[in-house]
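Okay, here's what each chain looks like letter by letter:
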Amino acid sequence: MSLERSDLTASAVKINGSYIEDLVNGFTTLSSTGREALAKEITTNSFSNNGSTFFNSRYPERTITVKYILGANNRADYLTNYQKLMSLSQNNVDIQCNDDSTKFYNGSITINEPEERLGNAAVGTINILCTNPFKYSTDVKTVINPVVDGNTATFTFNYAGT
């Protein structure tokens, strides 16, 4: 695993291309969860006492949770930093992580009330609801469509889950 930035934790989060640590003074990402494999929801119909029949399957929405600590030298600076953090609560943002910077999710940010206050610091969580649960590649692929015998070729792309 290579990190895009070695001065940040592996799970540091970018919002629309900027790390939260660069946007909010005193912010440090402690962990991020919810980026792992996502189980399909499978719907079946029971028509008899023996087993069931497959009806459909789907991937549910995904929530990425970022645990952080936010600190400052004094209460006034803490409140300023917290207000800046609250201003990041937005819809339809691209999310990337330091340890997987070639992939991104799209989601809406909700910043929860801090879970624990420690003087001029607090530990809290940010939830990012991804209604589309898939991650996408930041790599751009360029393809030149060749003409063979007067016909253009057809390309099929396998993004292998990205």
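Anything mentioned here points back to the structure above.
Residues numbered from 1 in each chain as written. Predicted model: local features only at pLDDT ≥ 70, side-chain atom pairs only at ≥ 80, totals over all residues. Heavy atoms only, no water.

### Some thoughts on the overall build of the protein
1) Next: Helix and strand content of the protein: two helices and 13 strands.
2) Next: Taken over the C-alpha trace, the protein has a radius of gyration of 21 Å; the compact-globule value for 162 residues is 15 Å, which it surpasses by more than 25%.
3) Next: Each of the three principal axes of the protein carries a C-alpha extent, and together these read 70 × 55 × 30 Å.
4) Next: Counting every position in the protein, which comprises 162 residues, the buried fraction comes to 28%. (Helix = DSSP H or I, 4+ residues; strand = E, 2+ residues; numbered from the N terminus. Rg over C-alpha atoms; globule rule 2.2 N^0.38 Å. Buried < 20%, exposed > 50% of the residue type's maximum accessible area, 1.4 Å probe, protein only.)

### Focus: the side chain of N81
1) Next: Here N81 is to be found in helix α2 (residues 75-86).
2) Next: The contacts of N81, once residues within four sequence positions are left out, are V24, N25, G26, L70, G71 and A72. (Contact = heavy atoms within 4.5 Å.)

### Examining the side chain of R35
1) Next: Mapped onto the elements of the fold, R35 is located in the loop between β3 (27-33) and β4 (41-45).
2) Next: A distance of 2.9 Å separates polar atoms of two side chains, one belonging to R35 and the other to D99.
3) Next: Not counting residues within four places of it along the chain, the set of residues in contact with R35 comprises S11, R62, I64, C97, D99, D100 and Y105. (Polar contact = N/O pair within 3.5 Å; in protein donor to acceptor, adjacent residues only side chain to side chain.)

### Observations concerning the nonpolar core
1) Next: Ranked by size, the top nonpolar core spans 23 residues in total, and within it I20, L85 and I126 carry the most contacts.
2) Next: Listed by contribution, the elements that provide at least two residues to this core are β1 (13-15), β6 (62-71), α2, β7 (93-97), β8 (103-111) and β10 (121-130).
3) Next: The contacts of L85, once residues within four sequence positions are left out, are I20, V24, F27, Y68, L70, I111 and I126. (Core = buried A, V, L, I, M, F, W, Y, C linked by side-chain atoms within 4.5 Å.)

### Considerations on the pattern of salt bridges
1) Next: Summed over the entire model, instances satisfying the criterion amount to seven salt bridges.
2) Next: Taking the shortest distance from any N to any O, the salt bridge between E4 and K14 comes out at 3.0 Å. Taken as a pair, E4 in the segment before β1 and K14 in strand β1 lie far apart in primary sequence, ten residues in all.
3) Next: The class for K14 is buried, based on a relative accessible area of 10%.
4) Next: With a shortest N-O distance of 2.6 Å, R58 and E41 are connected by a salt bridge. Here R58, found in strand β5 (residues 53-58), pairs with E41, found in strand β4; they are 17 residues apart in sequence, far enough to count as distant.
5) Next: Residue E41 is classed as partly exposed on the basis of its relative accessible area, which comes to 38%.
6) Next: By sharing partners, the salt bridges in this structure join R5, D7 and D22 into a single network. (Salt bridge = Lys/Arg side-chain N within 4 Å of Asp/Glu carboxyl O.)

### Notes on the environment of N127
1) Next: With respect to the helices and strands, N127 occurs in strand β10.
2) Next: For the pair N127 and S108, spaced 19 residues apart in sequence, the C-alpha to C-alpha distance is 8.1 Å.
3) Next: Sequence-distant contacts of N127, defined by excluding residues within four places in its chain, comprise T63, I64, T65, S108, I109, T110 and N112.
4) Next: A distance of 3.1 Å separates polar atoms of two side chains, one belonging to N127 and the other to T65.

### Quick look at a nonpolar patch on the surface
1) Next: Together, Y59, F134 and Y136 give the surface a local cluster of nonpolar side chains, amounting to about 270 Å² of exposed area.
2) Next: By the element assignment, F134 lies in the loop between β10 and β11 (136-137). (Patch = residues over 30% accessible without salt bridge, like charges linked within 9 Å, V, L, I, M, F, W, Y side chains within 5 Å. Areas by Shrake-Rupley, 256 points an atom, 1.4 Å probe, with all protein chains shown as cover.)

### Thoughts on the pairing of β10
Successive side chains on a regular strand alternate, one facing one side of the sheet and the next facing the other.
1) Next: Of all ten residues making up β10, eight are buried, and the element is well covered by its neighbours.
2) Next: In the sheet, strand β9 (residues 116-117) pairs with β10 via two bridges, with the strands oriented antiparallel. Its bridge partner lying in β10, R117 is registered against A122.
3) Next: Here β9 folds back onto β10, and the loop between the two strands holds three residues, one of which, G119, carries a positive phi near 70°. (Pairing = 2+ DSSP bridges.)

### Re the pairing of β6
1) Next: Inspection of the sheet shows β3 paired to β6 by six bridges, in the antiparallel sense. Among the inter-strand pairings, T29 is bridged to a residue of β6, identified as Y68.
2) Next: Bridge count between β6 and β10: ten bridges; the pairing is antiparallel. Within the sheet, the bridge partner assigned to L70 lies in β10 and is A122.

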